[in-house]
Amino acid sequence: MASLGPPGAAGHIILNASPGFQAGPRVTLGRRLGERHQIEFTWFDLSLWSDRGAVRDLHANDLASLGNLFSPFTDFGSPAVPFLDYNYLAQIEYRSELDNWELNLRQRLPMPPGPLAVSLLVGGRYMKIHERFYYRTDSYTPLTLASFNTVDVRAGNDLWGVQLGALFEFQVTYRSRITLDLKGGIFSNTANQGTIYTHSDPLLGQSTSRGFRAENVTAWAGEIALGLTYQITPRLTSQAGYHMLWVEGIALGSENFEDNVGTLVGGPANLRHDGYAVYHGPYIGLEFRL
């Protein structure tokens with residue numbers, strides 16, 4: 001999101017955001033319906049993952065001022081434009097949240113005697129993925145008058161769909177099992193993005209432009225969890241493993257950042273909904289049977 005001069009040095013990118021871990025709860029409630037069927041409700045939440053970054057440069061520039069940070073508005077100074085480039089400060093902030101609700105019916109398959117148990121799953125799922133991407137640059141004119149640019153992008157996704165899945169359980173010892181849980185589904189996604197662009201300089205003053213666009217698109221999601229369970233008591237079992245969720249066909253905050261100033265000011269707003277996100281990490285938990 002920023003390069004350090006000379007103008008046009010797009011390869012010298014010095015500002016970006018990197019993901020990190022964010023813990024979240026996951027709860028599943030189930031009830032048996034006979035010997036082979038079970039109904040399950042699952043909810044999990046990543047309330048707010050966020051990251052921010054900033055760079056500052058106070059070296060003299062070609063405008064007899066300070067700052068050689070160039071912006072994506074001009075393809076990093078190709079050519080450089082005053083009040084958009086020659087910045088002394090560039091900063092970004094990224095926020096993302098995920099909420100998930102599921103209602104599934106699971107059926108255990110008849111299997112020959114042995115260590116392997118298999119069950120199939122069908123159900124409905126709703127996911128909400130909302131993101132915010134914020135970008136700001138500040139620059140000085142030769143008279144040390146300040147100018148700035150801000151772009152505030154809010155991207156939203158509401159996904160409704162159906163999914164299929166399978167659970168494989170392999171008995172290792174009397175008390176322990178290896179489990180592999182697979183799910184995949186197709187979703188209708190109401191994707192949208194809203195952008196607020198603010199520009200301020202000593203010549204034109206301050207102006208604010210707003211853009212919004214929404215579309216209904218098709219999205220996909222796949223989920224895999226590999227774990228180890230250990231039965232502590234006849235009713236209490238511990239779980240640990242690794243979980244990954246892949247969602248494709250969504251609007252992301254960073255990908256809906258508009259680097260064309262003409263579009264930011266005059267519109268129409270664009271919507272990029274072909275993004276994907278991967279949520280993954282270790283998990284640990286307990287299972288209690290009534």
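Which parts of the structure should I look at to understand the overall build of the chain?
Regarding its fold elements, the chain presents one helix and eleven strands. What you see in the chain, going N to C, is helices and strands ordered as β-β-β-β-β-β-β-β-β-β-α-β. In terms of C-alpha radius of gyration, the chain reaches 25 Å, well past the compact-globule figure of 19 Å for 290 residues. By its C-alpha atoms, the chain is 80 × 35 × 30 Å across when sized along the principal axes. Counting across all 290 residues of the chain, residues that qualify as buried make up 42%. In the chain, once contacts between residues fewer than 6 apart in sequence are set aside, the share between residues at least 24 apart is 68%. Just so you have it, the chain exposes about 15500 Å², and 60% of that area is on carbon and sulfur atoms.

Sorry if this is basic, but what is going on with the pattern of salt bridges here?
Pairing is possible between side chains that carry opposite charge, provided their charged atoms lie close to one another. Inspection of every chain in the model, using the stated rule, returns 16 salt bridges. A salt bridge links R125 to E102; its shortest N-O distance comes to 3.3 Å. Residue R125 is located in strand β6 (residues 116-140), and its partner E102 is located in strand β5 (residues 87-108); the two are separated by 23 residues in the primary sequence. For the residue pair R125 and E102, the accessibility class agrees, reading buried in each case. Between R132 and D152 there is a salt bridge, with the nearest N and O atoms lying 3.0 Å from each other. Here the residue R132 occupies a position in strand β6, and D152 occupies one in strand β7 (residues 146-171), the gap between them amounting to 20 residues. Through salt bridges with shared partners, one network takes in R26, E102, R125, K183 and E223.

Definitions and limits used
- All residue numbers refer to position in the chain's written sequence, counted from 1.
- Only residues with pLDDT of at least 70 get local features here, since the model is predicted, and only at 80 or more are side-chain atom pairs given and counted; chain-wide, interface and lining totals rely on the full set of residues.
- By convention in this description, side-chain values take in all heavy atoms of the structure and omit both hydrogens and water.
- Counting from the N terminus, the helices are DSSP H or I runs at least four residues long and the strands are E runs at least two residues long.
- Put simply, the radius of gyration uses C-alpha atoms, and a globule should come to 2.2 Å times the residue count raised to 0.38.
- Note on exposure labels: buried denotes an accessible area under 20% of the residue type's maximum, exposed denotes more than 50%, and partly exposed covers the range between, all computed with a 1.4 Å probe on protein chains only.
- In what follows, a contact means two residues having at least one pair of non-hydrogen atoms within 4.5 Å.
- Here, Shrake-Rupley sampling with a 1.4 Å probe gives the accessible areas, and only protein chains in the shown set may cover a residue.
- Basic side-chain nitrogens of Lys or Arg form a salt bridge, by our definition, when they fall within 4 Å of a carboxyl oxygen of Asp or Glu.

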